[in-house]
Every structure is written in C-alpha cells, then in structure tokens.
Protein chains: 2
Amino acid sequence: MTEKVALIGSGNWGSAVAKIIGRNVVRFDHFDNQVKMWVFEEKVNGQNLTEIINTKHENVKYLPGIQLPENIVACPDLVETCRDASMLVFVVPHQFVASICKQLKGKIQPNCKAISLIKGIDVNEHGFRLITDMIQESLNIRSCILSGANIASEVAEERFCETTIGYRNRSDGELFKEIFHTPSFRVNIVEDVVGVELCGALKNIVAIGGGLVDGLKLGDNTKAAIIRIGLYEMRKFSQMFYKDVRDETFFESCGVADLITTCAGGRNRKVAEAHVVTGKSFDQLEQEMLNGQKLQGTSTAKDMYNILSKNNLCHEFPLMTTIYRICYENLPPIRIVEDI
Amino acid sequence: MTEKVALIGSGNWGSAVAKIIGRNVVRFDHFDNQVKMWVFEEKVNGQNLTEIINTKHENVKYLPGIQLPENIVACPDLVETCRDASMLVFVVPHQFVASICKQLKGKIQPNCKAISLIKGIDVNEHGFRLITDMIQESLNIRSCILSGANIASEVAEERFCETTIGYRNRSDGELFKEIFHTPSFRVNIVEDVVGVELCGALKNIVAIGGGLVDGLKLGDNTKAAIIRIGLYEMRKFSQMFYKDVRDETFFESCGVADLITTCAGGRNRKVAEAHVVTGKSFDQLEQEMLNGQKLQGTSTAKDMYNILSKNNLCHEFPLMTTIYRICYENLPPIRIVEDI
C-alpha cells in the first residue's frame, strides 16, 4: 500500500519540514514521491507565491535562502492538496485548524492519518481542548503530534537537533517517523500524544518566567530553579487533567529540551525581560517589539489561570499563577521568587 | 535530645552554607547554638585565618564580603571541631575525604550522622565508590547528600535557588533540611542518596559537551539536545549500576536544574568552548585558564569511560563516550553530533 503525504501549511516551520519530508519520501518504496503543500495564496512582487515555490523551489517569503526538494508541489487549494493523501501534516497557526477541518470534512481518504506540528491549546468557556483532539473529532481520523526543541531556521540549516512524536497507534508513530527522521533531525516516538502536546503549549508560560528572572538579573541558579519548577508544574498539570500522561515524556526533546531552548532564546523570554527592565506593560511591548502580534506565553498563562481558578487549583501551581498575576494584575516581577 | 552541628570545610561553598546553618540552628530549640567550622589553618596578611574569621566574622580569603553569623566558630583542629557533634557537614574537595575520615575514626559521637556537600566520585582500579559510601564505611555512620543548582556566591547573596537532599533514613533527611532550608535556599528531600550524588558528579561531563557545542556555534536546539541526551545517559548509567536510583531524582534541583546551570556557566563549559575555538588541548587550556588546576568534567569523563569500557558499555553511552574521545583522543569536536 502506497502512502501519500500532504502538507497543510507553508510558513517558516512548514517550509523547513517540507525540505525534510520531500527528501525522505523518495528513500522508501511505500511513499508516493510527490508531496503537495497547501499554500495560502498571496502575491510576492506581483507573482503568486505558489508559482514562485514551484519554479524556484524556494519559499522566498517565509524561508528564504533554503532550497526545497522539487517533489514538493505548492498548491493554493486546500481540498485539492489533501484529496488523495493518506498522511496529513498540519503545520498552521492554531486558530486556523477549526476552519481547515471544516473544509476538509468528507473530502479526505478513509484511511487518512494526521500529525499536528501545532503548538497551543484551544480554550473556550467550557475548558480546553487539544489540537490533536480537534483534528481527530472533526475529521474522524487518528492524529499524532510532533514537538521538540526545533527552531525552524536551525532545522532548515540541518544543525543537529531532536524531536518527539507522540502517537496513539504505534504503527502511526513509526510511519510518521519515516518521513521526519534524518541524521540531523532525530525523532523519538512515545505513546503519549497528550503529554507531548501539553509540553509544547505550556512551555511558553515558563519562558515568561525565565525572561522575568533574566530581567531581574538573579543569576543562573535562580533561572535554573524557575525552569525546574516550571517543568514540574507542567507535568503536574498534565497528569492532573490526563492521568495517562507519562513521566518519561518530560525527559524527551518535547519536554526538558524544548523548555531549555525556549527559556534561552525566543520572544516570550525577550519580552518578559523587557517588561522588567523598562517597566512597560506586556500590551505596550507587544506593540513595540512584535508589531502588535500577541505573545503565546502570556495568553497561555491566562488560559491556564482560568482553568486553575475554575478548579480551585491556583495554590497547587504557584509558579504558573504568579506568572499570570505579573502579566495581568501588575504584580511586581520580584514576586516570581517570593510567591512560589 | 540536642543536636550539635560541625562543619568540615571552610572554602567558598563551606562558608556560604556556614552563613545559612549559623542562622538556622538558633531558630530551633533542639540545636546547640554554637557551630564549629574546621578551617585548614593558613596565614592571611600574617594573621591566622581562624582568628580573622572569629573576630571579623568573615572568611576574607574564600568568601570575602559576606558576613558570617557569630555563632560560627572557626577551629583549626579537625578532631576538636567534630568531637561533640551529632551532625557532620562534609564540604571539602573530594580528595581529602579519606584522610579526614581516618583522622576522625573512633573520635566521634556514636549517634553521629553526616551529610556530604562534595561533588565527585572516587575511582580506582577496581571501580568507583561514592563519597557518601566512603564516609559511611570508614566512620560507620549514615550519610546524606546535598546537591543542587547552587553557585556559592549566588547562594551567599541570598538569591533564590533550590537544592536537593538525598537520604536513606527519612528522619536524617528532615533533620538536615532544618539546618539548610531558608526562603531563598529551598530544600527538597528525596529517598535516593545515590541518584543525587551521581547527578552532581556526572553533570560535569555533560557541561564539557555543552561547551563544545557553544564553541561550534551550533545554536540553541543543538545545545538543548546535548543537555537532554546527557541527562538521559546520566540516569541510565546511575540506574544500570544502582537499580534503586529513582527517575524522580532527575527532575529535582540536583538533576535537571544543576545540569542547566552547569551547561550555562561554569568552567567546564568555558574551557571546552575554548578548546573548539583555539584548537588547544585541554591540558594546555588548564594551564592557561585555570593556573594548572584540573577540570572535573574531563577527569570524570575519563573515569566514566574506564568504567564503561571495562563493562563493554561504550556503545550504550554514545554522548559520554564521544566527549571522552574528544578530550583524550583528539577526536574533532564536531563528532559530538556525528557520533551520537
């Protein structure tokens, strides 16, 4: 049976994995060699982005300077991209998932499997929902998750790193590993979709904490303590709401490694540091430093705080709660070490 | 029953914990208020260091600028320091432990308990031995261990951090926690002496790896991967040789937090980075950067490699083995990502 991969998304991260997937599918007999990639059509210097990608084999807008394999075919039509695929790779901002699934419903192959490369959780007034659950429920297919210490540009340049795939069915995990694993992008697979996915969402809150400590200039000991407590609270939260989440997952790239990377660099850390140094609000800093784009760390902190307070659990998660209060209730940043 | 604490050692770290212990013992009724601290006598500007400490209440040589509590009494005689103590705190370089225990044998109280703040393992031609085991066997007393992300100067300045005490008897762990725990120096206790102790010894090997990656300028993803694989191999090694070592220990300050701190700063990281940048040997860099002092990371890598190769286990510990080969067999540093 031949598997056929479709990529849903073509941003910075989507293009970086396109390079990997395009090369990997031709290494195995059981993959169709052509990989369609859905591109939200836009004009770049008067030309369609899909045409540029299909002639230059480069995503000049979102991953300039990196050559894509020629078997990656950009396609502006979502349904057309996915119609004959058996493996869907979701790599879009999380707010687009619901609408994408709605468009794909009833239009995909019955044997289709998915993997989500999306970081974030979907929160509404009733609680929260994982992106993989949204995909599974709306398309009635199984979904894996891929998450790890993976800065897109470093992956595209083939610098050594690792990643984690969480699966429910081992055969799905092994199949997706085949299209992602390379000598410089090492994939480990674990039977824990929820743990892997929650690591990717919750780490951004801890990165805010790391940035606050950097701004306060408290030193390496304190920062390591905040990262450790953050990892502990991530695990505790995950296992409180999903009892099958495994300890082992937090030792994987999606856990401790991604947390270290996110607390060392990244914009959540940077803006939080600036909040301490300048005294400006996060809203104002988002305007000044991110052109008004919203930070994931602060919004996830708020989502998590809502869940915790609704369940009377704030006292059991002092770090996450204090980070929320510093971001949204004008608590002085030093309280990050006083209140935990 | 009154407990009496004696401090064996008065270097940088010993003096930092003297400040904490001196303050803590007076907070409880069941501790003798006076804490003797053994000081290897030496002259500082013509005056005995013990006299300076007992009049100025400052260790001007090893922790200048930090006021010690007046109930810390420096004593140049080891046996005199420990004779009436029920709690011994070992905080000396590991090569002195055997001789100290020999001097103390038969001279200490029968109800005596110990805690080791020493990082390192004792390796000889027969294998390796933990410092706590050396203390336990030679003095016939139980020994706890304290280890964590604790840079002495930051602890002395009361910046927030955490540490871990490993115990065999819970009552020992709780008792030692009383003399160490403060709002800015948070102690967690775990029933795992061996795990805590091996974390403190093995992390320095991984820090060499972190420094190599920094020198190679491979970026945050790669460094996080090396730290993660290092943590994984530390745990695997510990549990292979001591089956009771607990996974949980590696989530504590002694595990993941200390590893992060050591890979972010510290001289093992620094010299390894210089090895890549300058191409000079570790021996030469130890001369130039450390006045000929030896790095713990390289010597522990050698100790570990000897244990692994004797047990035909090198292939199961690719990171530790590759770090050894880069340090001692002139392997090019880039092999740290190629060989693992």
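Predicted model only: the values in this text are computed from it and were never measured. (Residues numbered from 1 in each chain as written. Chains lettered and ligands numbered in written order. Predicted model: local features only at pLDDT ≥ 70, side-chain atom pairs only at ≥ 80, totals over all residues. Heavy atoms only, no water.)

## Some remarks on the overall build of chain A
For chain A, the count of helices and strands is 15 helices and 12 strands. Against the compact-globule benchmark of 20 Å for 340 residues, chain A has a radius of gyration of 20 Å, which places it among compact chains. The dimensions of chain A, computed from C-alpha atoms along their principal axes, are 60 × 45 × 40 Å. Across chain A, contacts joining residues at least 24 apart in sequence account for 70% of those joining residues at least 6 apart. Total accessible area on chain A is roughly 13,400 Å²; 47% of this is exposed by carbon and sulfur atoms. Here chain A holds 38 positive side-chain charges and 42 negative ones, and the gap between their average locations is 2 Å. (Helix = DSSP H or I, 4+ residues; strand = E, 2+ residues; numbered from the N terminus. Rg over C-alpha atoms; globule rule 2.2 N^0.38 Å. Contact = heavy atoms within 4.5 Å. Areas by Shrake-Rupley, 256 points an atom, 1.4 Å probe, with all protein chains shown as cover. Lys, Arg positive; Asp, Glu negative; His and termini not counted. Charge placed at Lys NZ, Arg CZ, Asp CG, Glu CD.)

## Things to note about the confidence of the model for chain A
Model confidence for chain A is summarised by a mean pLDDT of 96, while 100% of its residues fall at 70 or above. Quick note on the complex model: pTM equals 0.94, ipTM equals 0.94. (pLDDT = per-residue confidence, 0-100.)

## A few points about empty space enclosed by the protein
If you walk through the whole model with that rule in mind, you get 1 cavity of 30 Å³ or more. A:Ile118, A:Lys119, A:Ile145, A:Leu146, A:Ser147, A:Val196, A:Glu197 and A:Gly200 are the residues that line the largest cavity. (1 Å grid on protein atoms, 1.4 Å probe; cavity = no way out; pocket = protein on both sides within 12 Å on 5 of 7 lines; lining within 4 Å. Points joined across faces, edges and corners; volume = space filled by probe spheres on them.)

## Focus: the packing of aromatic side chains
Evaluated as defined, the whole model comprises 21 aromatic pairs over all chains. Judged by centre distance (6.5 Å) and plane angle (85°), the rings of B:Trp38 and B:Phe40 are edge-to-face. Classification of B:Phe40 as exposed rests on a relative accessible area of 61%. Measuring from ring centre to ring centre gives 4.7 Å for B:Phe237 and B:Phe241, while their planes differ by 40°; the resulting arrangement is tilted. Within this pair, B:Phe237 and its partner B:Phe241 are both found in helix H9 (residues 220-241), separated by 4 residues, close to a single helical turn. Taking the relative accessible area as the measure of exposure, B:Phe241 reaches 29% and is therefore partly exposed. An aromatic cluster of three or more residues is present, and its members are A:Phe128, A:Phe237, A:Phe241, A:Tyr242 and A:Phe317. Here the basic side chain of A:Arg235 rests over the ring of B:Phe251, its NZ or CZ set 4.0 Å away from the ring centre. (Phe/Tyr/Trp six-rings, centres within 6.5 Å; stacked < 30°, edge-to-face > 60°. Buried < 20%, exposed > 50% of the residue type's maximum accessible area, 1.4 Å probe, protein only. Lys NZ or Arg CZ within 6 Å of the ring centre and 35° of its normal.)

## A few points about the relation of the copies chain A and chain B
With an axial shift of 0.0 Å and an RMSD of 0.0 Å, the rotation relating chain A to chain B amounts to 180°. Each copy turns onto its partner about a two-fold axis. Comparing interface residues between copies, 100% of those in chain A also sit at the interface in chain B, which points to an isologous, same-surface contact. (Least-squares fit on C-alpha atoms with pLDDT ≥ 70 in both.)

## Points about the pairing of strand S8 (residues 121-124) of chain A
Where S8(A) lies against strand S9 (residues 127-130) of chain A, 4 bridges are found, and the strand directions are antiparallel. What sits directly across from A:Ile121, in S9(A), is A:Leu130. (Pairing = 2+ DSSP bridges.)

## What to know about the sheet that holds strand S12 (residues 185-190) of chain A
All names here are of chain A. As summarised here, the arrangement of the 8 strands in space is S5-S2-S1-S6-S7-S10-S11-S12, forming an open sheet in which the pairing is mixed. Edge positions in the open sheet fall to strand S5 (72-75) and S12, since each of these has one partner strand only. Each strand axis lies, on average, 25° off the axis of its neighbour in the sheet, ignoring direction. The pairing of strand S11 (residues 161-166) with S12 spans 6 bridges and is classified as parallel. Bridge pairing in S12 places isoleucine 165 opposite isoleucine 189. The strands touched by helix H1 (residues 12-25) within the sheet are strand S1 (5-8), strand S2 (35-38), S5, strand S6 (87-90), strand S10 (143-147) and S12, with S1 carrying the most contacts at an inclination of about 170°. The sheet strands contacting helix H4 (residues 97-104) are S1, S2 and S6, and the helix crosses S6 at an angle near 155°. (Axes fitted to C-alpha atoms, helices over the stretch in contact; angles between N-to-C directions.)

## Brief notes about the nonpolar core
In this structure, A:Ile336 and B:Ile336 are the most contacted members of the largest nonpolar core, which totals 128 residues. Leave out the neighbours within four places in its chain, and B:Ile336 touches B:Gly209, B:Leu212, B:Val213, B:Leu216, B:Ile226, B:Leu319, B:Thr322, B:Ile323 and B:Ile326. (Core = buried A, V, L, I, M, F, W, Y, C linked by side-chain atoms within 4.5 Å.)

## Side note on the UniProt feature "domain: Glycerol-3-phosphate dehydrogenase NAD-dependent N-terminal" (unreviewed entry) in chain A
Residues annotated by UniProt as "domain: Glycerol-3-phosphate dehydrogenase NAD-dependent N-terminal" (unreviewed entry) correspond here to residues 4-170 of chain A. Between the C-alpha atoms that bound residues 4-170 of chain A there is a distance of 19 Å. The span itself is 30% helix and 26% strand. (UniProt positions renumbered as here; feature names shortened; annotations may be inferred.)

## A look at the interface of chain A and chain B
Counting residues at the interface gives 38 residues for chain A, matched by 38 residues for chain B. Interface area, chain A with chain B, both sides summed: about 3,300 Å², of which 55% is carbon and sulfur. Three residues, A:Asn221, A:Arg228 and A:Phe251, lead the burial of chain A against chain B; their summed loss comes to 25% of the area buried on that side. Across the contact surface, chain A and chain B share 6 salt bridges. A:Arg228 serves as the salt-bridge partner of B:Glu162, at 2.5 Å between the closest nitrogen and oxygen. At the junction of chain A and chain B, the tally comes to 18 residue pairs in polar contact (both at pLDDT 80 or more). Looking at the side of chain A that touches chain B, the elements that each hand over two or more residues are helix H6 (152-156), S11, S12, helix H9 (220-241) and helix H10 (253-264) of chain A. The element best represented in the side of chain A that touches chain B is H9(A), accounting for 10 residues. Here the residues of the side of chain A that touches chain B are counted per class, giving 19 nonpolar, 8 polar and 11 charged. (Buried area = accessible area lost by both parts, 1.4 Å probe. Salt bridge = Lys/Arg side-chain N within 4 Å of Asp/Glu carboxyl O. Polar contact = N/O pair within 3.5 Å; in protein donor to acceptor, adjacent residues only side chain to side chain. Nonpolar A, V, L, I, M, F, W, Y, C, P; charged D, E, K, R; others polar.)

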